[in-house]
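Observations on the model geometry
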Amino acid sequence: MAKKRATMKDVAARAGVGFKTVSRVVNGEPGVSDATAEKVRKAAKDLNYRKDMTAGNLRRTEGRTDSIGLLVSSVGNEFDSRLHRAVEDAALAHGVSVFAASTDEDAERERLLALTLVARRVDGLVLMPSGDLSFLQHELDLGTPVIAVDRPPTGLSIDTMMVDNDGGAHASIAHLVEHGHRRVAVLTHLSTLTTAAQRIAGARRAWAEAGLPGSALQVVTGLSSTEDTLRAVSAVLGSAEPPTAIFAARNAISVGVVRALQSRGLQREVAMMGFDDFDQADLLDPAVSVVGQDPAELGTLATERLFARLEDPSLVVEQVVAGTELVLRRSCGCGA
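A brief look at the structure comes next. From a predicted model like this one, the values you see are computed outputs, not experimental measurements. Per chain, the residues get numbers from 1 upward, laid out in the order the sequence is written. Only residues with pLDDT of at least 70 get local features here, since the model is predicted, and only at 80 or more are side-chain atom pairs given and counted; chain-wide, interface and lining totals rely on the full set of residues. Only heavy atoms go into the side-chain values, all of them from the structure, while hydrogens and water stay out.

1. Focus on the pairing of strand β6 (residues 184-187)
Three exposure classes are used, based on accessible area relative to the maximum for each residue type with a 1.4 Å probe and protein chains only: buried under 20%, partly exposed in between, and exposed over 50%. Secondary structure elements follow DSSP: runs of H or I no shorter than four residues count as helices, runs of E no shorter than two count as strands, and numbering proceeds from the N terminus. In β6, alternate side chains face the same way, and those of V184 and V186 on one face and A185 and L187 on the other are all buried. In short, DSSP must find at least two bridges between two strands for them to pair. By the bridge criterion, four bridges tie β6 to strand β7 (residues 217-220) in an arrangement that is parallel. When the sheet's bridge partners are listed, L187 is paired in β7 with V220. The path from the first strand over the helix to the second decides the hand: if it runs clockwise while the strands point away from the viewer, the crossover is right-handed. Crossover β6 to β7 through helix α8 (residues 194-209) is right-handed.

What follows is the structure in structure tokens.
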């Protein structure tokens, strides 16, 4: 049975003060001494009290608000925006609204946004984990479902919907090896993110299986902007033994690699593979080969799982790993 959510009356009883005093502290109103305010704040923390931002609104008789929260890395990223739209469409089919925000891969921003959504009493959360999510354990205990999408969570045992990052990267590097490439650069985002770590692992596994020296596979991490990518491409191409192929392990990095190669007139001399398709990749010259994944599928799966868990909180926690496919175009040397 779900735990009871703490109220201001509970905080008042624990702190040994009146309800109005707690209300003043919670709402930032004057008239409370520092000592008393600190006592109230400590009681609220001990009880995991969250301010109810919907307290003045009517709610459905079963206690739901007909809203869910969605946290993605950045709504400006094409993958995230497609996932966002799928979550909206799936929620709309259930007559539910979506509150969405971007975490920018910042764990503290993620925590603040998640707690803000919880304070608005959303019926559940779908999020791309950026940091430790153990701060949401109390919400889980209260019966608020939380679903991880694109990445596995840390600090919580919750349902997860993601793709086979290791397998997709492995297939990409194996394909480049089949094309005769013996010096490859792997460019990726934050190595602390599970997706990036899995893609690096898959690339290295394919390289090792081919019996190639590890030093010939350059791995560059920490690329969070186009400028970072441009500098990274310049550095690897300027090395003593430059790569003959580049694997961009994120869609935004793929765009940076395309720009870098085109600016040097090397787009037909240096092969390229990307992870995740991006807008107009097939219209470039040469068209960019990618590891294809379906963010809309992930968004739909995550949202439907959230509604299923709302109906039956006893469901066994599951991890769904969707497959990827190589979309072969001319940038890797194929004729498609």
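After that view, the rundown keeps rolling.
2. Remarks on the sheet that holds strand β10 (residues 289-292)
Pairing is mixed across the open sheet formed by six strands, whose spatial order is β7-β6-β8-β9-β10-β12. The open sheet has two edge strands, β7 and β12 (325-327), and neither has a second partner. Shown here is a sheet whose adjacent strand axes are inclined to one another by a mean of 20°, direction ignored. The pairing of strand β9 (residues 271-275) with β10 spans three bridges and is classified as parallel. Pairing of G274 across the sheet is with V290, part of β10. Working rule for contacts: check all heavy atoms of both residues, and any pair within 4.5 Å makes them a contact. For helices, the fitted axis covers only the stretch in contact; all axes are lines through C-alpha atoms, and the angles between them, taken along N-to-C directions, range from 0 to 180 degrees. Packed onto the sheet, helix α7 (residues 165-178) meets β6, β8 (245-248), β9, β10 and β12 and runs at close to 170° relative to β9. Against the sheet, α8 touches β6, β7 and β9, its axis set at about 175° to β7.

3. Overview of the packing of helix α2 (residues 19-26) against helix α3 (residues 34-46)
One can describe the packing of α2 onto α3 by two numbers: an axis separation of 10 Å at closest approach and a directional angle of 85°. As far as their axial angle goes, α3 and α2 are roughly perpendicular. Within the contact between the two elements, α2 uses T21, V22 and V25 and α3 uses T36, A37, V40 and R41. Here the residues of the contact of α2 with α3 sort into four nonpolar, two polar and one charged. Angles are sorted into four bins: roughly parallel if under 35 degrees, roughly antiparallel if over 145, roughly perpendicular if 65 to 115, and oblique for all others. Lys, Arg, Asp and Glu make up the charged group, whereas Ala, Val, Leu, Ile, Met, Phe, Trp, Tyr, Cys and Pro make up the nonpolar group; the residues left over, Gly among them, are polar.

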